Amino acid sequence: AAAFAARGILLCGDAAGFADPVTGEGITFAISSGRIAGRAIRDEFADAQAVEERFLEGLNREILPELRYAARLAGLLYFHQRARNWVFRCLGRDLVEKMIQVVMGETTYGEQLGRLGW
């Protein structure tokens, strides 16, 4: 996570590599990481080190866990054909609806995969 902030530079969005591994969509994480950066700068403006720390705390709380969940789901969907086929056969429409809700910001990968025990 330290690679996202150094010497007064905060990496957000595409610059930080924050693209959803399932959908390839990046604007959601770009906006979220920009907001996190803005709050860190607003709250700790006088102390560059504190800005970086606040920014990294926000990423660790709001974005990085979601990217880890999405990476696990992407691994299943893109690299395990049998498992993917079974998931879509059993959960197809519901899974697609949940993924749309994630993209729309109505739920998170963490919330949905947490219900499955992931």
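Our focus in this paragraph is the packing of aromatic side chains. Within this structure, the stated rule accounts for 1 aromatic pair. Their ring planes at 50° and their centres at 5.1 Å tell us that Phe4 and Phe18 sit as a pair that is tilted. With Phe4 in the segment before β1 (5-6) and Phe18 in the loop between α1 (13-16) and α2 (27-44), this pair connects stretches of sequence that are 14 residues apart. No difference in accessibility class separates Phe4 from Phe18, as the two residues are buried.

With that settled, consider the side chain of Ser33. In this fold, Ser33 is placed in helix α2. Relative accessible area serves as the criterion here: at 0%, Ser33 is assigned to the buried category. Discounting residues that sit within four places of it in the chain, Ser33 has contacts with Cys12, Gly13, Phe18, Phe55, Leu59 and Ile63.

Here the focus is unusual backbone geometry. Within the chain, Arg7 stands out as a residue other than glycine whose phi angle is a positive 50°. Structurally, Arg7 can be placed in the loop between β1 and β2 (9-10).

Taking 1.5 Å per residue, 24 residues should reach 34 Å; helix α5 (residues 81-104) reaches only 27 Å between its end C-alpha atoms and comes up short. Along its length, α5 shows its largest kink, about 95°, at Leu91. Listed as buried for α5 are Val87, Gly92, Leu95, Met99 and Val102. Residues of α5 that are buried sit in contact with α4 (64-79) and α6 (109-115).

On the surface, Phe88, Val96, Ile100 and Met104 cluster together into a nonpolar patch covering about 370 Å² of accessible area. You can see Ile100 is positioned in helix α5.

Scoring rules and cut-offs
- Residues numbered from 1 in each chain as written.
- Predicted model: local features only at pLDDT ≥ 70, side-chain atom pairs only at ≥ 80, totals over all residues.
- Heavy atoms only, no water.
- Phe/Tyr/Trp six-rings, centres within 6.5 Å; stacked < 30°, edge-to-face > 60°.
- Helix = DSSP H or I, 4+ residues; strand = E, 2+ residues; numbered from the N terminus.
- Buried < 20%, exposed > 50% of the residue type's maximum accessible area, 1.4 Å probe, protein only.
- Contact = heavy atoms within 4.5 Å.
- Expected span 1.5 Å × (residues − 1).
- Bend = angle between axes of the 7 residues up to and from the residue.
- Patch = residues over 30% accessible without salt bridge, like charges linked within 9 Å, V, L, I, M, F, W, Y side chains within 5 Å.
- Areas by Shrake-Rupley, 256 points an atom, 1.4 Å probe, with all protein chains shown as cover.
- Salt bridge = Lys/Arg side-chain N within 4 Å of Asp/Glu carboxyl O.

Take it as geometry only, folks, not as evidence of what the structure does.
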